[in-house]
Structure formats: C-alpha cells, structure tokens
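So you can see what is in the structure, the chains are spelled out below.
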Amino acid sequence: MAQWIHMYQMLQCLPDDTVNSLYPPATFPIEVRHYGADWIESQRWEDFSMEKMEQESKAQTLLEQTVSMLQTIAQQKTDVVERMKLMQISRNMAMFQPQPLQFVVMVRDILRKERVLISANNAPQYQMYPSRDNMQDVEHLGAKVVEVQNIRKKMHQLQEELNWERQNFESLQGPFQQNGLDSARAEIQKLQNHIQQLEFNVNTMATKRFQLLKDCVDCLDLCQSRLITRLKDWRWEQHKAAIGHPFDDNLIPLQNWCEQLLGMNGNLRQELMLIGERISDLQERLGQLLQVLIQSSLVVDKQPPQVIKTQSKFSTTVRYLLGEKVAPGKPVVLKAQIINELQARNLGGVPGDNVGELINNSAILEHNTASKSTCATFRNMSIKKIKRADRKGSESVTEEKFALLFSTEITITGCDTPYRIQMISQPVVVIVHGSQDNNAVATIIWDCAFSERDRVPFVVPERVPWRMMCSTLNCKFTSEVQTQHNLDHYNQHFLAQKIFDKPDFAEDFSNMMVSWAQFNKEVLPGRPFTFWQWFEGVMELTKKHLKTYWSEGLIFGFIGKQHLHLILKDRPNGTFLLRFSDSEIGGITIAYVSATENGGQKIQNIQPFTKRDLEIRSLGDRIRDINHITYLYPEFPKHEVFKKFYTEPQVQSCTTGYIPVSLHTKVGTDATPMGPHMAPLAENAHFSVDATPSPPNMASLNENSHVGFSVHPFQSPFNSQEIPSDIIESPTTPHHIPAGNDMDIDLDSIIETLNS
C-alpha cells in the first residue's frame, strides 16, 4: 500500500472537489480505497481496457472479489457507523454487475491519477534509512577502495621484481661485455627488454592508481553529501514530529553509514601517504570531507521539551554517531548553553552575551556496548534565569524562541588534531508560569508546521494557506488523541469558518491565508479566547475523556449551529448528535430534536459537559440518564451504540448503616427542584442525587460532585450579625483583566522580581 501512504498524506492538502472527483462518492468512495489499499494495489488493473471484451469474465471476478473484500472488512469493524457504511457501499457496487469492465477500468484510471498527483507533488519525500541506491554507492566505493589497495600491492610486487632485475642487469653487464659473445649480448638485451616492460607496467599501474584514487574521492564526496542530506532529513522529521508527523528515531543505519565513510576516508588518506609524493589536491579534499563528517555526526537524539519553565528540571540526550571511533584516554565532556535567535544565526561568529543561566549543563560522552550508541545524557538540567530580548510591538514573551547549544572538542582515532563540534536543539520557548504554557505551545506548533528546511533560525512565515493549517490541525489532533479517526471535511469546514469568522461562507477555504494573529494572537469574535486556546481545549478533553467515543465515530465533533439545524431539521424527535462546544474551552454538548408546544420541532443544545463534569460522571452514563434523546444521528438507537460505555452494575453494601445514593443527569424541567439555599449548577442541565436505596445499576456518588438536593431548608445555625464586624471581609470588586495574551508579560516580571 505504498502508493496509498503517499496519497493519503497528500489528501490533507487537496480541495474537497478534487478528492470527490478522484474518488466519486456514488461509484468508488474514498472508503473503498482506504480500507482496501493493500488488496487493491496487489491486483493487475493495468491489464484491462474497454476494448478487450474477452477480459469481461476476469473483470467480473475482480468485481466480486472487491465486494467480498468490503463485506469482510465491514464485519470486522466494531464501529457500527463504519460497518453500516461499508455494507451500503458494497451493495451499491451491484450497479457494475452488467458492465464489470467499466468498474475495473475506473479503478485503473484512479490509480493512474494517483501516480500522476504523487509524481507532480513538489514536496520532497523524506526517507529515514539509506536507500538501496545509496547503499549500492557505498558498496561501489568500497570496491573501488579495495581495487586501489590491490593495485598498490601489485605495484609493490612489480617494483620489487624491477629492483631485482635491475640489480641482475648491473651485475651481468660487466662479464658479458668482456666475453663479447653474441649469446651474452642477447641475454643482456632480453633482460633489458624485461626491465623496460616492468617499468612500463609500473607506470601504467601508477597512472591507473592515481585515477582510481581521484574517482574514489569523488565517489566519497557524493556518498557523504547524501549522508549529510539524510541526517538533515532525520532532524527535519524529528522537528515535524512535534505536530504528529510519523518519525522513526532509529539512528543505527545512519550510524553505520557514518562509520563506513569514516573508514573509507582513512583508507584513502593512507593510500595517498603510501604513494610517496604529496598530492595536495586530493589530500585537502579528504581533509575537508573528514572534518565535515566528524562535525555532522553530532545529533540531539532526545530533544529537550520545547516549552521549558524556569526552575524546572528537564532532560535531553545528545548522541555522537562516530562514538566507537573516538580516541581513548581523555573523557569527552559536552557542555550546554542557552542561546537566543540572534546567536543561533551566528554560530560561527564570536559568542554574544550570556542570555541565560543553566544548571547541570555538562555531561560525559559514554559508550553503551549493548545499544552500540555513544551518548551524553543531561538528566537534571534546569534554566535558572533567562534574559529576554527587546520585544517588538505587541510581541509576547511566549513568541520568543531560544535553543540549547551543545559543544565539545573531540579526537578521532587515526586523526592527529582534535575537532571542535557543536549542534543546536530544536527551538524552545521559555516560560516562568504555567499559565503561559498554552500560548508557548502555539508558538512551537506554528514553528514546527510551517518553517522551511534550511531556514535562517528561527524564521517562520506570517501567513500560511488554510490547507496547510487544516492538515496541521488534523495531524496534531489525531496524534495527541492517539486515534486513527481524522477530522472529516465537515469538521474542517467549520474550523475554517471559525478562524476566518465566516459562518455563512460555503465555498472552498483551501487557498485562503491564515495569519499567526488569527491562530493565537487575536481572540475569536465574541469570545475571551483565541482559536488555538479553544482548539487545544477540545483536544485535551477528547484525549482524556472521549478518545474511544471519537475513535468509533460517535462524536460528530466540530459543527456550526447552521449546519446542525440543516442536518437535524427533518429528523424525528429524540435524534441527537455530540458536538464540541464553540462557546467555551473544552466542552462537549448534546444537540437534539425536541417537540414544541404547538406540535412543531426545535433543536436544543444541552449545556456543555467539561472535563470536570466527565470526571464526575462519564459521557456514556449521562447519555443513558437523559430520556429526551433516543437515536444517535442519523438513526442508531442510543442503547445499542453506547451500551458498552454504561457503568457496570455495582452491588452496594448496606452494612455501614448509610442510605446509598446514586448520581443522575437531568435536563431542563426534568431537573429536581432545589431548595432556596442551593444555587443551580447549570442553566439547562444539572445533577440530582436520589437518597432512596439505589438500584444496583446506578453508580455511586463521587465525593467531589456538585449536586442539587431536594430537601427542606435548614434553619440558619447562626446570625451573621452576631459576628464582630472587624473580622468580616467586605466583598471586593475584582480588577478587570482585558482579553488577550499579554498577561504573561506581567507574570514574567513578577516572577523574576520574586526570585530576586
């Protein structure tokens, strides 16, 4: 399914019209391509064409196999929504029974279009491991180096033979000349010819040896350039992993590649020394290649947290890929320092002012024989204090990026001089208070998602197309929640309407530009929070309390009220769906169809349930409690789809002497009336506690629950007038805090003042 993997990544950035055109919902929905990817790509669709009518029986077989495959996958699905959808798709494919060739040719054309889109996609496809072509280049280089060594050995043998024959020639020349015999002259001539042949062979092999050495250096340069590119790819994918992109952190293949090239560089330098004459051009190139390889082999294996709070411990690990080649003796100590954006741009220049103080900022490079890795682990590092740059305009402290710079001096076995090596971490944001964390994460998300490769540190665009933002939100949401259920096009469209404040816009948002300010600087219209703060709240709620509901497709998710009314308006009373609240951070609400007093219908939204509400009573139990709702949209009985989420019956012991209680969720007028001294929890929904003996299938009351009791009011146990006035605090009016993200500036200075 390699083709589908590439295609699936591209789909996040394609307009809905393009996707629907590629996978027509009526004939070949995208679900067929997704669930049947392995099987589809293993069939010989290219063998078919509409002109080859003799292939109709084979086409009929393929069609039947496709339907059977879909039905098998459907039966394996635990999610009733997905199962019913796949069964319906398999039944719809019966339309192709009269013309099976039309079906197989359609699939053939879809796969062709996919290949065209993939090849036309300009985004580079990064590969974590050395490709077979690259490894063949390394093997080819190794064979060339061996050939150079063999030529050198053969030349040595020829040179020894030549030296011997020359000695014989000199020793025989005197006696043969005195004899003056023709046979003696013939023998001398023969020996002389042999010497000339040996000299010719030696010179020929010397020329070949030099050319091979030059070819080897060229090949080494090419292989090392590809290695450096792969190392950059690894770091880039590590950077993208912060927003949920897949990332394989295995460095063993790259380490082996580094070690191979280092060994070949050493062999070539040795061969140049054995020539006996200085070839400065090749020696300088090999020296430069060696330096680049040694300096590029330092990587940050485990990045530090990208949001770091001062006075808090954190860890990070730096790995040296040529660790086994480090000269024994003096231990290698790595030091870390924190640098700002300006210093990161001038690593080769003179170090600037110290912008922060790190504690426990040194670690020894140690070799682990079992894992074959050489690492320096900073286990208890901490930022004691930080010096911030002057901010521009409305820039917040949570928008300022730093990095950790790791450096040391290292000597490689076989090299005379030590090398100074260094590497910087991914950008980090330093905060002084937990309230700044959300905005700091937004800065990191924007950096990881939209920065370009080989950028100037740490430049990011001010605006990006919505299709890129949408892909990022989906990737982050699915990775954070740890689900395979993506945001569908309805969810994505509503998110676009919300961030652009265009609730009535029904067109494609793909190419509209989203600014950093819209993402996490400006509050949403009529709300006290930014888009990211709202989205992150939903993500946290789903991760901690709604993961299974979301993964099984039971939550509709992000949907506007206009769209909500559109899809529910013709549904029977009691039909409901679950949607994320758009009016408060981290809430999920139930929208349902109910009857009006005059016999009509209206759509109502129950007050959102927050993290705290769901900690008291789960969403499944709340859905069971509410009698107004009966069918999950479009028409699934709620007790069938939510039954497994209901709390198991608990047998309660009455030996304690207490009357057992149970907790229920009630809505609107069904809620139990409360006494005059009890304030309601919510406008539309609250809990009630039944103090009668509870049935065994009711959950016990959480001790932290906020509940409403139906009780007679107690007589006041004391009169407030009896309390001396000097110990009564008069109510104070809280200071108004303006909406926005500027509180962290005050917090920063306050914390630093307290620390000092």
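In the annotation of an unreviewed UniProt entry, the entry for the protein reads Signal transducer and activator of transcription, and the organism field reads Amphiprion ocellaris. Per UniProt, the protein carries the Sequence similarities (unreviewed entry) text "Belongs to the transcription factor STAT family."

Student: Hey, could you run me through the overall build of the protein in this one?
Tutor: The helix and strand tally for the protein stands at 22 helices and 21 strands. The buried share of the protein, reckoned over its 756 residues, is 44%. Across the protein, every contact between residues at least 6 apart in sequence was considered, and the portion connecting residues at least 24 apart equals 69%. Total accessible area on the protein stands at roughly 40,300 Å², and carbon and sulfur atoms take up 51% of it.

Student: When you look at the environment of Lys214 in this model, what are you seeing that I'm missing?
Tutor: Looking at the element boundaries, Lys214 is found in helix α9 (residues 182–240). Spatially, the C-alpha atoms of Lys214 and Asp281 are 9.6 Å apart, while their sequence positions differ by 67 residues.

Student: When you look at the nonpolar core in this model, what are you seeing that I'm missing?
Tutor: Side chains that are nonpolar tend, in soluble globular proteins, to be buried together. Grouped together as the largest cluster of nonpolar side chains are 76 residues, with contacts concentrated most on Leu141, Ile294, Tyr320, Leu334, Phe378, Phe406 and Ile410. The dominant element in this core, judged by the number of residues it contributes, is α9, at 17 residues. Membership of the second largest hydrophobic core comes to 65 residues, among which are Ala442, Met469, Cys470 and Ile590.

Student: How do you make sense of the packing of helix α15 (residues 489–500) against helix α17 (residues 531–551) when you look at a structure like this?
Tutor: Between two packed helices, both the angle of their axes relative to each other and the distance between the axes serve to describe the pair. Taken N-terminus to C-terminus, the directions of α15 and α17 make an angle of 155°; their axes are 12 Å apart at the nearest point. Classified by the angle between their axes, α15 and α17 sit roughly antiparallel to one another. The crossing of α15 and α17 is right-handed. Here Asn491, Phe494, Leu495, Lys498 and Ile499 of α15 lie close against α17, whose contacting residues are Phe531, Trp534, Phe535 and Trp550.

Student: Looking at this structure, I do not really get the packing of helix α13 (residues 437–450) against helix α14 (residues 466–481). What am I missing?
Tutor: The geometry of α13 relative to α14 is characterised by a closest axis approach of 11 Å and an angle of 115° between their N-to-C directions. Pair α13 / α14 crosses with right-handed handedness. Contacts from Ile445, Trp446, Ala449 and Phe450 of α13 reach α14 at Met468, Met469, Thr472 and Lys476. Split into classes, the residues belonging to the contact of α13 with α14 amount to six nonpolar, one polar and one charged.

Student: Please clarify how helix α11 (residues 280–296) should be interpreted in this entry.
Tutor: Given 3.6 residues to a turn, an α-helix orients residues that are three or four positions apart in the same direction. Taking 1.5 Å as the rise per residue, α11 with 17 residues should run 24 Å; its terminal C-alpha atoms sit 24 Å apart, in good agreement. Along α11, the positions that sit buried rather than exposed are Leu282, Leu286, Leu289, Leu290, Leu293, Ile294 and Ser296.

Student: Looking at this model, I keep getting lost on the packing of aromatic side chains. Mind explaining?
Tutor: Geometrically, a pair of aromatic rings is defined through the distance of the ring centres and the angle of the planes. Per the stated rule, a full pass over the model turns up 31 aromatic pairs. Summarising the aromatic geometry, the rings of Trp516 and Phe519 are spaced 6.0 Å apart at their centres and angled 45° between planes, so their arrangement reads as tilted. Here Trp516 and its partner Phe519 are both found in helix α16 (residues 516–520), three residues apart, which amounts to about one turn of the helix. Of the two residues, Trp516 and Phe519, both sit in the buried class. Here Phe531 and Trp534 contribute two aromatic rings whose centre-to-centre distance is 5.8 Å and whose plane-to-plane angle is 55°, an arrangement assigned as tilted.

Student: Just to check I follow, could you spell out the pattern of salt bridges for this structure?
Tutor: Side-chain pairing between opposite charges can occur once the charged atoms of the two side chains come close. As enumerated under the stated definition, the model contains 32 salt bridges in all. With its nearest N and O atoms 3.7 Å apart, the salt bridge here joins Arg388 to Glu400. Here the residue Arg388 occupies a position in the loop between β8 (373–386) and β9 (402–410), and Glu400 occupies one in the loop between β8 and β9, the gap between them amounting to 12 residues. Put simply, Asp621 and Arg617 hold a salt bridge, and the shortest N to O gap is 4.0 Å. Taken together, the shared-partner salt bridges in this structure form one network comprising Lys476, Glu480, Glu540, Lys543 and Lys544.

Student: For this particular structure, what's the right way to read the pairing of strand β3 (residues 313–320)?
Tutor: Counting buried positions along β3 yields six of eight residues, so the element is predominantly enclosed. Pairing analysis gives four bridges linking strand β1 (residues 298–302) to β3, with the strands arranged antiparallel. The residue of β3 that forms the bridge with Val299 is Arg319. Note that β3 and β8 share six bridges and pair antiparallel. When the bridges of β8 are listed, Thr316 appears paired with Phe378.

Student: It is not clear to me how the layout of surface pockets should be interpreted in this structure. Could you clarify?
Tutor: Rolled over the atoms, a probe as big as a water molecule pinpoints where empty space is left. When its volume is computed, the second largest pocket comes out at roughly 790 Å³. For the second largest pocket, the lining is made up of 27 residues, of which Lys232, Arg235, Met423, Ile424 and Asp454 are closest to its centre. Secondary structure elements with two or more residues in the lining of the second largest pocket: α9, α11, β1 and β10 (419–424). For the lining of the second largest pocket, the element with the highest residue contribution is α9, accounting for seven residues. Its residues placed into classes, the lining of the second largest pocket shows 12 nonpolar, nine polar and six charged.

Student: What should I look at first to understand helix α10 (residues 252–275) in this one?
Tutor: The first and last C-alpha atoms of α10 sit 35 Å apart over 24 residues, in line with the 34 Å expected at 1.5 Å per residue. Count one or two residues on from α10 and you reach Gly276, which has phi positive near 95°.

The rules we used
Residues numbered from 1 in each chain as written. Predicted model: local features only at pLDDT ≥ 70, side-chain atom pairs only at ≥ 80, totals over all residues. Heavy atoms only, no water. UniProt positions renumbered as here; feature names shortened; annotations may be inferred. Helix = DSSP H or I, 4+ residues; strand = E, 2+ residues; numbered from the N terminus. Buried < 20%, exposed > 50% of the residue type's maximum accessible area, 1.4 Å probe, protein only. Contact = heavy atoms within 4.5 Å. Areas by Shrake-Rupley, 256 points an atom, 1.4 Å probe, with all protein chains shown as cover. Core = buried A, V, L, I, M, F, W, Y, C linked by side-chain atoms within 4.5 Å. Axes fitted to C-alpha atoms, helices over the stretch in contact; angles between N-to-C directions. Parallel < 35°, antiparallel > 145°, perpendicular 65-115°, else oblique. Left-handed = near helix turned anticlockwise from the far one by under 90°. Nonpolar A, V, L, I, M, F, W, Y, C, P; charged D, E, K, R; others polar. Expected span 1.5 Å × (residues − 1). Phe/Tyr/Trp six-rings, centres within 6.5 Å; stacked < 30°, edge-to-face > 60°. Salt bridge = Lys/Arg side-chain N within 4 Å of Asp/Glu carboxyl O. Pairing = 2+ DSSP bridges. 1 Å grid on protein atoms, 1.4 Å probe; cavity = no way out; pocket = protein on both sides within 12 Å on 5 of 7 lines; lining within 4 Å. Points joined across faces, edges and corners; volume = space filled by probe spheres on them.

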